[in-house]
Amino acid sequence: MKIRCALSLALAICLSFACSWVTIVAESTPVTSVTDSTQVPSLPPSPTSIPSEPVSIREGLASLNSYSLVIESNSSGPSQTEYSHTHIEIQNSKDQDATSTHLVISQSSANESEPTTTDSYVYSIGNIQCTGSDAEEWDYTQNTPQQKEMQDLFSEMMDIFPLIDDPIFVGSETMNGIMTNHFTFRISGLGLQSGAEVTANQGDYWLAQDGQYIVKYQLITETVETATQAKVHMDILIDLTKVNQPVTIALPVGCVP
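Values in this document were obtained by computation on a predicted structure and should not be read as measured data.

Criteria and thresholds
Residue positions are given per chain, counted from 1 along the sequence in the order it is written. Totals for whole chains, interfaces and linings use all residues, but because this is a predicted model, local features are given only for residues with pLDDT of at least 70 and pairs of side-chain atoms are given and counted only at 80 or more. Each side-chain value is worked out from all heavy atoms of the structure, with water and hydrogens disregarded. Note on conventions: DSSP H or I runs of at least 4 residues are helices, E runs of at least 2 residues are strands, and numbering of each starts at the N terminus. Each residue is placed in one exposure class: buried if its accessible area under a 1.4 Å probe, protein chains only, is under 20% of its type's maximum, exposed if it is over 50%, and partly exposed if it falls in between. Contact between two residues is taken to exist if any of their heavy atoms lie within 4.5 Å; hydrogens are not considered. Exposure was quantified through the Shrake-Rupley algorithm and a 1.4 Å probe, taking into account, for residues, occlusion by the shown protein chains and nothing else. Only a pair of cysteine sulfur atoms within 2.5 Å qualifies as a disulfide here. Pairing of aromatic side chains here covers Phe, Tyr and the six-membered ring of Trp, requires ring centres within 6.5 Å, and sorts the geometry by plane angle: under 30 degrees stacked, over 60 edge-to-face, intermediate tilted. Take the buried Ala, Val, Leu, Ile, Met, Phe, Trp, Tyr and Cys residues and link them wherever side-chain atoms come within 4.5 Å; each set so joined is a nonpolar core. Pairs of N or O atoms within 3.5 Å make up the polar contacts considered here, provided that, within protein, one atom can donate a hydrogen while the other can accept it, and that residues adjacent in sequence are counted only when both atoms are side-chain atoms. Confidence per residue, as judged by the predictor, is encoded in pLDDT with a range of 0 to 100.

S.K.: How do you make sense of the overall build of the protein chain when you look at a structure like this?
M.R.: Helix and strand content of the protein chain: three helices and twelve strands. Considering the protein chain as a whole, with its 257 residues, one finds that 46% of them fall into the buried category. Across the protein chain, the fraction of contacts at a sequence separation of at least 24, relative to all contacts at a separation of at least 6, is 60%. Carbon and sulfur atoms form 54% of the exposed surface of the protein chain, whose accessible area is close to 13700 Å².

Laid out in structure tokens, this is it:
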């Protein structure tokens, strides 16, 4: 199940950004607490009329001139040998009409003796696309304007809407250099279907005050089966940095016609 989830997440993101594949890291690293956040004094968390619904990930990124985006997911359990880690890093520059995407996927299942890892890159500059890695080989493709148009059209049909459930406003904060509104939430009904004990259920996200796009999002969930003590953990991180800052994207040296 976790392998299918990791591949589904990677596929959705790649389709959303007109990529042509997927990737991962060797260890499952839980999402850490926020450190790059300067909080403005605010009232205790409470329901508020401040807009809490973000625009979609694609819509938010489309409003920016440049950015760096990291999306990570980690899951483990119920056995100690089962885990999945997906790391996707995207850099984009409108001025260059360029995007670079690094995808890493590591996963291990109870039925496999060795974990598997995929590590790949996609560079797109104008109509040129390079796919692969230095460790393997690069695939150079030059699309026609017609192909590029259809690829862009298809990618616009795919989008990402992070899970948010009854958010509570925390306060106004500077996150990653952007003035944001910070919200917390918990997933309702977690553990009801499985009957497992919920040991972690915490979500946070930061919306840009100008644009309502997600600057940072993190969700940590964990359940434990009472009889066997089998633990299932999942965490998600979306981190947007370098917003509208200069970005230079170049094709890798080994990628040639």
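Next comes the rest of the write-up.
S.K.: Any chance you could explain the state of the cysteines here in plain terms?
M.R.: What makes a disulfide is a covalent bond joining the sulfur atoms belonging to two cysteines. Tallying each qualifying case throughout the model produces one disulfide. Two residues, Cys130 and Cys255, share a disulfide whose sulfurs are 1.8 Å apart. Residues Cys130 and Cys255 share a disulfide whose torsion about the S-S bond is about -90 degrees; that sign makes it left-handed. Taken as a pair, Cys130 in strand S6 (residues 128-132) and Cys255 in the segment after strand S12 (231-241) lie far apart in primary sequence, 125 residues in all. The exposure class of Cys130 is buried, given its relative accessible area of 0%. Judged by relative accessible area, Cys255 falls into the buried class, the value being 5%.

S.K.: Sorry if this is basic, but what is going on with the packing of aromatic side chains here?
M.R.: Think of a pair of aromatic rings as described by two things: how far the centres are apart, and how the planes are tilted against each other in angle. Under the criterion given, the structure shown has seven aromatic pairs. When the centroid spacing of 5.2 Å and the interplanar angle of 20 degrees are considered together, the rings of Phe183 and Tyr205 count as stacked. Of the two residues, Phe183 sits in strand S9 (residues 178-185) while Tyr205 sits in strand S10 (residues 197-208), which places them 22 residues apart along the sequence. Across the pair, exposure class does not vary: Phe183 and Tyr205 are buried alike. Put simply, the rings of Phe169, Phe183, Phe185, Tyr205 and Tyr217 touch in pairs and so form one group of aromatic residues.

S.K.: Where do I start with the nonpolar core in this structure?
M.R.: Nonpolar side chains in soluble globular proteins generally cluster together in the buried interior. Grouped together as the largest cluster of nonpolar side chains are 31 residues, with contacts concentrated most on Leu61, Leu64, Tyr67, Leu69, Tyr213, Tyr217 and Leu240. Judged by nonpolar contacts, the second largest core, of seven residues, contains Ala98, Trp138, Val247 and Ile249.

S.K.: Where do I start with unusual backbone geometry in this structure?
M.R.: Across residues other than glycine, the phi torsion is negative in most instances, and most of the peptide bonds are trans. Looking along the chain, the bond that leaves Gly77 and enters Pro78 is cis, with omega of 5 degrees. Mapping Pro78 onto the fold places it in the loop between strand S2 (66-76) and strand S3 (83-93). Phi is positive for Asn176, close to 55 degrees, though the residue is something other than glycine. Mapped onto the elements of the fold, Asn176 is located in the loop between strand S8 (168-175) and S9. Unlike most non-glycine residues, Gln212 shows phi in positive territory, near 60 degrees. In this fold, Gln212 is placed in the loop between S10 and strand S11 (214-224).

S.K.: What is the right way to look at the environment of Asp204 in this model?
M.R.: The topology assignment puts Asp204 in strand S10. Along the chain, Asp204 and Ile168 lie 36 residues apart, while their C-alpha atoms are 9.4 Å from each other. With residues up to four places along the chain from it excluded, the contact list for Asp204 reads His182, Phe183, Thr184, Phe185, Lys216, Tyr217 and Gln218. Within the structure, Asp204 has its side chain in polar contact with the side chain of His182 (distance 2.8 Å).

S.K.: Got a minute to help me understand the environment of Gln212 in this structure?
M.R.: Residue class for Gln212 comes out buried when judged on its relative accessible area of 17%. The spacing of Gln212 and Pro54 is 158 residues in sequence and 5.2 Å in space, taken between C-alpha atoms. Apart from the residues lying within four places of it in its own chain, the contact partners of Gln212 are Pro51, Ser52, Glu53, Pro54, Val55 and Leu207.

S.K.: How do you make sense of the confidence of the model for the protein chain when you look at a structure like this?
M.R.: Caution applies to low-pLDDT regions: their predicted coordinates should not be interpreted in detail. When pLDDT is averaged along the protein chain, the result is 83; 81% of the residues meet or exceed 70. Between residues 1-43, whose pLDDT stays under 50, and residues either more than four places distant or in other chains, the model counts 116 contacts.

S.K.: Would you mind going over the environment of Asp119 with me for this structure?
M.R.: By the element assignment, Asp119 lies in strand S5 (residues 116-125). Between the C-alpha atoms of Asp119 and Val104, which are 15 residues apart in sequence, the distance is 4.5 Å. A polar contact of 2.7 Å, which involves the side chain of Asp119, links it to the side chain of His102.

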